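Structural description and commentary
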Amino acid sequence: MFQNFFSKAGAVEPYKAYSAEHFILICICGILIIFALWKYRKADRKTVLSITRWCAIALWILEIIKIVFNLLIGNANNPNTYIPLYFCSIPLYGLIMCGWGKGLLKRNGEVFMIVGGMVGGIGYILSPNTSAGLYQAFHFITVQSFILHGIMVFLSLLYIITGYYRLVKDDVKFYGATVLIMCIVAYIVNCFLGSNLMFVSRNFPGTPIEILYNVSPKAFPFLITFIQVLPPFVVVYGLIAGMQKLFSVIGMNREAGKKEKQKKEKVY
C-alpha cells in the first residue's frame, strides 16, 4: 500500500469520483471536521489564532512536498501540477494573512477563509476532479488535497461558530479584490507558460467549467473570473444571514415559551 503512496499518475488504478472510495474519503473528512468543530466550538480568539497558524504551517509543508513530488516525477513541463495559483490555493496565502497579518491584510485573509474556504473546500470534497481519475485514493496527492480542503471547511466554520470573524456586506470588496488579482496574475502566467492556472485560460473538460466554456469560448476568461469573484460571496453571506435569522427566531420562540411557562406557574 505504502509503496505506491508517491507513485506517478496512472501507475495504479485511480479512484473515480462518486465511487465507494470517494464516499469513504467524504465520510472520513466529514467526521474529522465535525469532531474538530465540536472540540473547539467554544475556543477563544487566542486559541483560534493558534489553530490558524498551525494549519498554515502544516498546509505549506504539504504544499512544498507536493511541488517537489511533481518536479521529481517529471512534471516540470506542466506548471498546472505544481504552481499554487488556483482558487483553492488562495487559502495558503490567506492563512498567512490570518495568522500573522495586521489590519486590512488580516481582515482580507479572514474574509477569504470564510467564503473561499467554505465554497472551495466543500466543492472539492464533493467533486475532486484534480485527483479522481489520476491517482488512487491512498496516494499523497489525494490525501494532501483532502487535508487541504477539509481544513478549509473546518476553519471557515470555526470562524463563524466562534464568532472569530463576522462577515458583513462590505467584505465583498475584500473577497472580490483578492480573487480578481489572483485571476489576473494567473492569466498573465498562463500566457507565458501555456498553463491553465485558476482555470481562466481554457476549458477543463469533464467538469462544470466545460458548461461555462461552451457558452462563449471567447468570453470564457471573463465569465470564469466573474463566477469566482462574486457568486461565492453572495452564497456564503446569504447562508450565514439566513442561519442567523433562523436561530434568532428559534431563540425568540424559546424565550417566549419560557415566559409563558413562568406566567402559568405564577397563576397556579
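This one's a predicted model, so the numbers in the text were calculated from it and none came from an experiment. (Residues numbered from 1 in each chain as written. Predicted model: local features only at pLDDT ≥ 70, side-chain atom pairs only at ≥ 80, totals over all residues. Heavy atoms only, no water.)

Topologically, isoleucine 33 is positioned in helix H1 (residues 20-39). Its relative accessible area of 11% is what places isoleucine 33 among the buried residues. Non-local contacts of isoleucine 33, meaning those with residues more than four positions away in its chain, are made with Ile125, Gly150, Val153 and Phe154. (Helix = DSSP H or I, 4+ residues; strand = E, 2+ residues; numbered from the N terminus. Buried < 20%, exposed > 50% of the residue type's maximum accessible area, 1.4 Å probe, protein only. Contact = heavy atoms within 4.5 Å.)

Another point: the environment of asparagine 4. With respect to the helices and strands, the residue asparagine 4 is situated in the segment before H1. Take asparagine 4: its relative accessible area is 26%, and that puts it in the partly exposed class. It is 32 Å that separates the C-alpha atoms of asparagine 4 and glycine 116, two residues lying 112 residues apart in sequence. Sequence-distant contacts of asparagine 4, defined by excluding residues within four places in its chain, comprise Val12, Gln136 and His139.

Moving on: the packing of aromatic side chains. By the definition in use, this model includes 16 aromatic pairs. Centre to centre, the rings of phenylalanine 6 and phenylalanine 140 are 5.2 Å apart; their planes meet at 25°, and the pair counts as stacked. In this pair, phenylalanine 6 sits in the segment before H1 while phenylalanine 140 sits in helix H5 (residues 140-162), placing the two residues 134 residues apart along the sequence. We classify phenylalanine 6 as partly exposed; its relative accessible area is 44%. (Phe/Tyr/Trp six-rings, centres within 6.5 Å; stacked < 30°, edge-to-face > 60°.)

Before going further, it helps to spend a moment on the nonpolar core. In this structure, Leu155, Tyr159, Leu167, Tyr175, Val179 and Met198 are the most contacted members of the largest nonpolar core, which totals 65 residues. Of the residues forming this core, the biggest block, eleven residues, is contributed by H5. Other than its neighbours up to four places away in sequence, leucine 167 contacts Val111, Ile114, Val115, Phe233, Val236, Tyr237 and Ile240. (Core = buried A, V, L, I, M, F, W, Y, C linked by side-chain atoms within 4.5 Å.)

Here the focus is helix H6 (residues 172-193). Its 22 residues give H6 an end-to-end C-alpha distance of 31 Å, which sits within 8% of 32 Å, the value for a rise of 1.5 Å per residue. Three or more residues of H6 are buried, namely Phe174, Tyr175, Gly176, Thr178, Val179, Met182, Cys183, Ala186 and Asn190. With its phi angle positive at about 75°, glycine 194 sits one or two positions after the end of H6. (Expected span 1.5 Å × (residues − 1).)

Using the criterion set out here, one finds four salt bridges in the structure. In this structure, arginine 107 engages aspartate 170 in a salt bridge whose closest nitrogen and oxygen atoms are separated by 4.0 Å. Placement of the pair is arginine 107 in helix H4 (residues 103-126) and aspartate 170 in the loop between H5 and H6, with a sequence separation of 63 residues. With its nearest N and O atoms 2.7 Å apart, the salt bridge here joins aspartate 171 to arginine 107. Of this pair, aspartate 171 sits in the loop between H5 and H6 while arginine 107 sits in helix H4, and the two are 64 residues apart along the sequence. We classify arginine 107 as partly exposed; its relative accessible area is 22%. Where salt bridges share partners, they join Arg107, Asp170, Asp171 and Lys173 into one cluster. (Salt bridge = Lys/Arg side-chain N within 4 Å of Asp/Glu carboxyl O.)

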